[in-house]
Amino acid sequence: MNRNEKKIALNKQINDFTEDLKSKAGGFKNLGKDALVIGGIIVAGYSLMKLFTEDEDETQEISTEAESPSIFSSALKGAASSILLAVAKSKLTDYLEGLNEEESEQDS
């Protein structure tokens, strides 16, 4: 091989590695987005739970009587948790399907 052929072969290798790195970076970008969405759903669910539940220490100081939660707050908590769990399930299944597709593409 002369110098020009080696140069062309090395440039081709560089281009191949660059494309491979770009595709891997795109995969990590999608993974990061999915992780952020799932994390946001979990934080939102926790925030809603804390919003509609009273702190036990505060209720003992304010009142000695035990109050039952209202029907409205119970229904709202149930609906919010159902929605958040459905969205989280959808995101997780999409992520797992994406992993399966990537594995099948790599096997081919």
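Conventions and cut-offs
- Residues numbered from 1 in each chain as written.
- Predicted model: local features only at pLDDT ≥ 70, side-chain atom pairs only at ≥ 80, totals over all residues.
- Heavy atoms only, no water.
- Helix = DSSP H or I, 4+ residues; strand = E, 2+ residues; numbered from the N terminus.
- Buried < 20%, exposed > 50% of the residue type's maximum accessible area, 1.4 Å probe, protein only.
- Salt bridge = Lys/Arg side-chain N within 4 Å of Asp/Glu carboxyl O.
- pLDDT = per-residue confidence, 0-100.
- Axes fitted to C-alpha atoms, helices over the stretch in contact; angles between N-to-C directions.
- Parallel < 35°, antiparallel > 145°, perpendicular 65-115°, else oblique.
- Contact = heavy atoms within 4.5 Å.
- Nonpolar A, V, L, I, M, F, W, Y, C, P; charged D, E, K, R; others polar.

**Thoughts on the environment of I83**
Positionally, I83 belongs in helix α3 (residues 71-107). A relative accessible area of 55% places I83 in the exposed class. Placed 38 residues apart in sequence, I83 and G45 show a C-alpha to C-alpha distance of 9.5 Å.

**Remarks on the pattern of salt bridges**
Counted by the stated rule, this structure contains one salt bridge. Salt-bridge contacts for K12 lead to D16; the nearest nitrogen and oxygen are separated by 3.3 Å. A residue pair is termed a helical-turn pair when its members lie 3 or 4 positions apart in one helix, as K12 and D16 do in helix α1 (residues 3-52) at four residues. We classify K12 as exposed; its relative accessible area is 51%. The class of D16 is partly exposed, set by a relative accessible area of 43%.

**Focus on the confidence of the model for the protein chain**
Confidence in the prediction of the protein chain, expressed as mean pLDDT, is 77, and 83% of residues score 70 or more. The lowest-confidence element of the protein chain is helix α2 (residues 56-62), averaging 53 in pLDDT; the highest-confidence one is α1, averaging 82.

**A closer look at the packing of α1 against α3**
Running from amino to carboxyl end, α1 crosses α3 at an angle of 170°, the nearest separation of the two axes being 10 Å. Taken as axis vectors, α1 and α3 run roughly antiparallel relative to one another. On the side of α1, the interface is formed by L31, D34, V37, I38, I41, A44, G45, L48 and F52, while α3 contributes L76, K77, A80, L84, V87, A88, K91, L92 and Y95. Here the contact of α1 with α3 is built from residues that sort into 14 nonpolar, one polar and three charged.

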